[in-house]
Amino acid sequence: DESGMLPHMVQADGHTSKITQPPILAWATLHVLDHGGDPDWARQCLPLLTRYLEWDLAHRDQNGNGIPEWFIEGNPLCRCGESGQDNSSVYDKAVLLDAPDFGAFLCNDFRCLADIAERLDESAAAGRARDLSDKTAAAIEQLLWSEEHELYCHRTFDGQHVPVKTISGFMPLFAGIPSPDRAAALVSHLENPSTFGAPAPVPSESLDSGTYCKDMWRGPTWMNLSYLVVLGLRRYGYTQQAQVLKGKMLDTVGRWYAETGCLYEYYDSLGVTPPGDLDRKQRLISGKGMAPISDYHWTAALTTALLMES
């Protein structure tokens, strides 16, 4: 809309949802531009993307510390649909949290916006976007790194790190935020069989979290964020680790495709339970709801992207 808010859903009757979703559109626009996209099209996108990202700053940073927070919903089975991680246990207390994934996506998108503006000779817009990216990165480094967990963690408004390790803590790697030492610590988690070094990585929640289970974002592996971890590893020069992770991801998707003929919404990070038998928002407990979605779009898209790489 005119304010820059982009709702995550528009119904057939024109009504829109009141939540947005992770900011990755400037990244997508830059990607298209890198692959032959029309600069005139990018110029049309520039003011729209600017409003889109600045809406997040204006409406999703309630404590004003430079790190955005996802909107929290009243539904206990979908506390944070805005993040895309509807039922992650990190949101179980239903309070606003400084979010490492939101912050990383916003930081990266502002940096991509700056790159787009520079290519279009819009130096003032580029400078402002780069400044906002740098400020967000600095706030994440200062406030969200947990020495105890050696991971970026969600943070309460009174300054406490939420003691639940999730895949969100790897998103600063994708955005190029961590120092080399912190990047190395994140890589160590991916190789640790007690935390994120699962047979079918990357689990959405650490195996030792205490709330890990096979229900949607409380433990299963999702291709979308695992893909961003691969990109983050490459960004920091961990090419071998990225290749190993990529191989395990493709093996997981390929195995269950061979057995069932479907690509799924998410997968058992332990590599045991067939995807269609996994839980989804306590479906198996309540007998209500829906099974994990099959023939899933981003699993298909990202599997294709990995397969097509040279």
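Shown above is the structure to which this text applies.
Let me sum up the structure you'll find in this document.

Cut-offs used in this document
Within any chain, residue numbers begin from 1 and follow the written order of that chain's sequence. Local features in this predicted model are restricted to residues of pLDDT 70 or higher, and side-chain atom pairs are both shown and tallied only at a pLDDT of 80 or more, whereas totals for entire chains, interfaces and linings draw on every residue. In computing side-chain properties, one takes all heavy atoms of the structure into account and sets aside hydrogens as well as water. Elements are defined by DSSP. Helices are runs of H or I of four residues or more, strands are runs of E of two residues or more, and each kind is numbered from the N terminus. Atoms considered for the radius of gyration are the C-alpha atoms alone. The globule rule reads 2.2 Å times the number of residues to the power 0.38. Whether a residue is buried, partly exposed or exposed follows from its accessible area with a 1.4 Å probe, protein chains only, as a fraction of its type maximum: under 20%, in between, or over 50%, in that order. Contacts are assigned to residue pairs that have any heavy atoms within 4.5 Å of one another. Using the Shrake-Rupley algorithm and a 1.4 Å probe, accessible areas are obtained, with residue cover drawn only from the displayed protein chains. Charge assignment in this entry is limited to Lys and Arg as positive and Asp and Glu as negative, and neither His nor the chain termini are counted. Lys charges are placed at NZ, Arg charges at CZ, Asp charges at CG and Glu charges at CD. Here the expected span of a helix is defined as 1.5 Å times the quantity of residues minus one. Aromatic contacts are taken between Phe, Tyr and Trp rings whose centres are within 6.5 Å, Trp giving its six-membered ring; a plane angle under 30 degrees counts as stacked, one over 60 as edge-to-face, and the others as tilted. Among buried residues, those of type Ala, Val, Leu, Ile, Met, Phe, Trp, Tyr and Cys that are joined through side-chain atoms within 4.5 Å constitute a nonpolar core. Axis definition: a line fitted to C-alpha atoms, over the contacting stretch in the case of helices. Angles run 0 to 180 degrees between N-to-C directions. Any angle that falls under 35 degrees is termed roughly parallel, while one over 145 is termed roughly antiparallel, one within 65 to 115 roughly perpendicular, and all others oblique. Amino acid classes used here: Ala, Val, Leu, Ile, Met, Phe, Trp, Tyr, Cys and Pro are nonpolar; Asp, Glu, Lys and Arg are charged; the rest, including Gly, are polar. Criterion for a salt bridge: a side-chain nitrogen of Lys or Arg within 4 Å of a carboxyl oxygen of Asp or Glu. As used in this structure description, the phrase polar contact means that two N or O atoms lie within 3.5 Å; if the pair is within protein, one of them must be able to donate a hydrogen and the other to accept it, and residues adjacent in sequence are counted only when both atoms belong to side chains.

## Quick word on the overall build of the chain
Looking only at helices and strands, the chain has 10 helices and two strands in total. Secondary structure of the chain in N-to-C order comes out as α-α-α-α-β-β-α-α-α-α-α-α. Its C-alpha atoms give the chain a radius of gyration of 19 Å, near enough to 19 Å, the size a compact globule of 310 residues would have. Viewed in the frame of its principal axes, the chain has a C-alpha envelope of about 55 × 50 × 45 Å. In the chain, buried positions account for 52% of the 310 residues. Taking as baseline every contact in the chain between residues at least 6 positions apart, the subset at least 24 positions apart corresponds to 60%. Accessible surface, the chain as shown: approximately 13900 Å² in total, 54% of it carbon and sulfur. Separation of charge centres in the chain, based on 25 positive and 41 negative side chains, amounts to 2 Å.

## Observations regarding helix α6 (residues 180–190)
Along α6, the residues classified as buried are Arg 182, Ala 183, Ala 185, Leu 186, Val 187, His 189 and Leu 190. Of the surrounding elements, those touching the buried residues of α6 are α4 (123–143), β1 (145–146), β2 (151–152), α5 (171–174), α7 (223–235) and α8 (239–260).

## Description of α7
Its 13 residues give α7 an end-to-end C-alpha distance of 18 Å, which sits within 8% of 18 Å, the value for a rise of 1.5 Å per residue. Of all 13 residues in α7, 10 are buried, a share of seventy percent or more. The complete set of buried residues in α7 reads Met 223, Asn 224, Leu 225, Ser 226, Tyr 227, Leu 228, Val 229, Val 230, Gly 232 and Leu 233. Where α7 terminates, the next one or two residues include Gly 237, which has phi positive at roughly 85°.

## A look at the packing of aromatic side chains
Within this structure, the stated rule accounts for 10 aromatic pairs. Note on Trp 27 and Phe 174: the rings are 5.1 Å apart at their centroids and 75° apart in plane angle, and the pair reads as edge-to-face. Here Trp 27, found in helix α1 (residues 25–34), pairs with Phe 174, found in helix α5; they are 147 residues apart in sequence, far enough to count as distant. Given a relative accessible area of 26%, Trp 27 falls into the partly exposed group. Assessed through its relative accessible area of 4%, Phe 174 is described here as buried. Aromatic side chains Tyr 264 and Tyr 267 sit 6.2 Å apart centroid to centroid with 85° between the ring planes, which places their arrangement in the edge-to-face category. Owing to a relative accessible area of 8%, Tyr 264 belongs among the buried residues under this scheme. Judged by relative accessible area, which is 1%, Tyr 267 ranks as buried.

## Focus on the nonpolar core
The nonpolar side chains of a soluble globular protein tend to be buried with one another. Phe 170, Met 171, Val 229 and Leu 233 are the most contacted members of the largest nonpolar core, which totals 50 residues. Only α3 (100–119), α4, β2, α5, α6, α7, α8 and α10 (297–308) provide two or more residues apiece to this core. Ranked by residues supplied to this core, first place goes to α7 with seven residues. Contact partners of Leu 233, with chain neighbours within four places excluded, come to Leu 173, Val 187, Leu 190, Tyr 238, Gln 241, Ala 242 and Leu 245. The next biggest cluster of nonpolar side chains, apart from the first, holds 20 residues, and it includes Ala 26, Cys 112, Ala 126 and Ala 129.

## A look at the packing of α1 against helix α2 (residues 39–59)
Here α1 crosses α2 at 170°, and the two axes come no closer than 10 Å. Here α1 is positioned roughly antiparallel relative to α2, judged by the angle of their axes. Residues Leu 25, Ala 26, Thr 29, Val 32 and Leu 33 of α1 lie in contact with α2, whose contacting residues are Pro 39, Trp 41, Ala 42, Cys 45, Leu 49, Tyr 52 and Leu 53. Residues belonging to the contact of α1 with α2 are distributed by class as follows: 11 nonpolar, one polar and no charged.

## Details of the side chain of Asp 279
The topology assignment puts Asp 279 in the loop between α8 and α9 (283–286). Despite being buried, Asp 279 has no salt bridge partner; Arg 283 is the closest side chain of opposite charge, sitting 4.7 Å away. Looking at Asp 279, its side chain comes within polar contact range of the main-chain nitrogen of Arg 283, at 2.8 Å. Apart from residues lying up to four places away in sequence, Asp 279 is in contact with Lys 214, Asp 215, Met 216, Tyr 266, Leu 284, Ile 285 and Pro 292.

## Topic: the side chain of Glu 82
Note that Glu 82 resides in the loop between α2 and α3. A distance of 2.9 Å separates the side chain of Glu 82 from the backbone nitrogen of Thr 20, its partner in a polar contact. If we skip the residues at most four places from it in the chain, Glu 82 touches Ile 19, Thr 20, Gln 21, Pro 22, Arg 60, Glu 69, Trp 70, Phe 71, Glu 73 and Phe 102.

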